[in-house]
Amino acid sequence: MAPLLRIAPLNTPLRRRRQTFAVLLWILFVPLSLLLFGVLLLQPTTAPLALAYLIFIFVDAAHETGGRPSRAFRRLALWRWLRDFFPAAVVKTTDLDPAGNYVFLYHPHGIISLGAFINFGTDAAGFAKLFPGVDVRLLTLEPNFRVPFFREILLFLGICSVSRQSCQN
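Residues numbered from 1 in each chain as written. Predicted model: local features only at pLDDT ≥ 70, side-chain atom pairs only at ≥ 80, totals over all residues. Heavy atoms only, no water.

Caption draft 1: The layout of surface pockets, seen in detail. In this structure, the largest pocket encloses a volume near 1,600 Å³. What lines the largest pocket is a set of 44 residues, and nearest its centre among them are Arg137, Leu138, Leu139, Thr140 and Cys160. Of all the elements in the fold, those that place two or more residues in the lining of the largest pocket are α1 (14-42), α5 (114-121), β1 (139-140), α7 (150-156) and α8 (164-168). For the lining of the largest pocket, the per-class residue count stands at 29 nonpolar, 12 polar and three charged. A volume near 240 Å³ is recorded for the second largest pocket. (1 Å grid on protein atoms, 1.4 Å probe; cavity = no way out; pocket = protein on both sides within 12 Å on 5 of 7 lines; lining within 4 Å. Points joined across faces, edges and corners; volume = space filled by probe spheres on them. Helix = DSSP H or I, 4+ residues; strand = E, 2+ residues; numbered from the N terminus. Nonpolar A, V, L, I, M, F, W, Y, C, P; charged D, E, K, R; others polar.)

Below, the structure written as structure tokens:
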């Protein structure tokens, strides 16, 4: 019987190991965020801060007003490693006027739309270089902004809620 888990051989290139690490980290962001929040909530010294943060999550409307995008965070090497694992790319077929408003549709979409995330949620695929001045915002479901700490990752990437109010902003 074959083992359920096979470890990569030692001669696996560092480049591929980084790509695999990026995928693993992306998969674990939500569980690790919830675990960290649970640990903080159970510690008597950090529980008040955790509760205050929980209240902040439900009061803060940054996900409907453009997020808190950080250009440096959008350009992290981690996102390029993720891009290289799933060879994702933005293909430019026309110029876009930076003063215009555009809606990009992505299919297939779903709960794990990594192509959309890599191309529009980060600068890993070079969208900002291909379309200078076009402010792109990936939209996702509201419940994603209720997960402690994970929501901050989304907000730093400039990802917003797909709500009507967010789209009107």
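The discussion continues.
Caption draft 2: Spotlight on the pattern of salt bridges. Scanning all chains against the criterion turns up 10 salt bridges. Ionic pairing is found between arginine 68 and glutamate 152, a salt bridge with its closest N-O pair at 3.3 Å. With a gap of 84 residues between them, arginine 68 in the loop between α2 (47-59) and α3 (71-74) and glutamate 152 in helix α7 connect regions that are remote in the sequence. Note that arginine 83 is salt-bridged to aspartate 84, the shortest N-O span being 2.9 Å. Here the salt bridges share partners, and the residues they tie into one network are Asp60, Arg68, Arg151 and Glu152. (Salt bridge = Lys/Arg side-chain N within 4 Å of Asp/Glu carboxyl O.)

Caption draft 3: Representation of the packing of aromatic side chains in the model. Using the criterion set out here, one finds 17 aromatic pairs in the structure. Seen in terms of ring centroids, tyrosine 53 and phenylalanine 56 are 6.4 Å apart; in terms of plane orientation they differ by 25°. Their pairing is stacked. Separated by three residues within a single helix, tyrosine 53 and phenylalanine 56 lie in helix α2, roughly one turn from each other. Phenylalanine 56 gets classed as partly exposed once you look at its relative accessible area, which sits at 36%. Here the aromatic cluster, defined as three or more aromatic residues joined through ring pairs, consists of Trp26, Phe29, Phe73, Trp79, Phe117, Phe150 and Phe156. Taking NZ or CZ as reference, lysine 92 lies 5.3 Å from the ring centre of phenylalanine 131, over its face. (Phe/Tyr/Trp six-rings, centres within 6.5 Å; stacked < 30°, edge-to-face > 60°. Buried < 20%, exposed > 50% of the residue type's maximum accessible area, 1.4 Å probe, protein only. Lys NZ or Arg CZ within 6 Å of the ring centre and 35° of its normal.)

That's the geometry; what it means functionally is another story.
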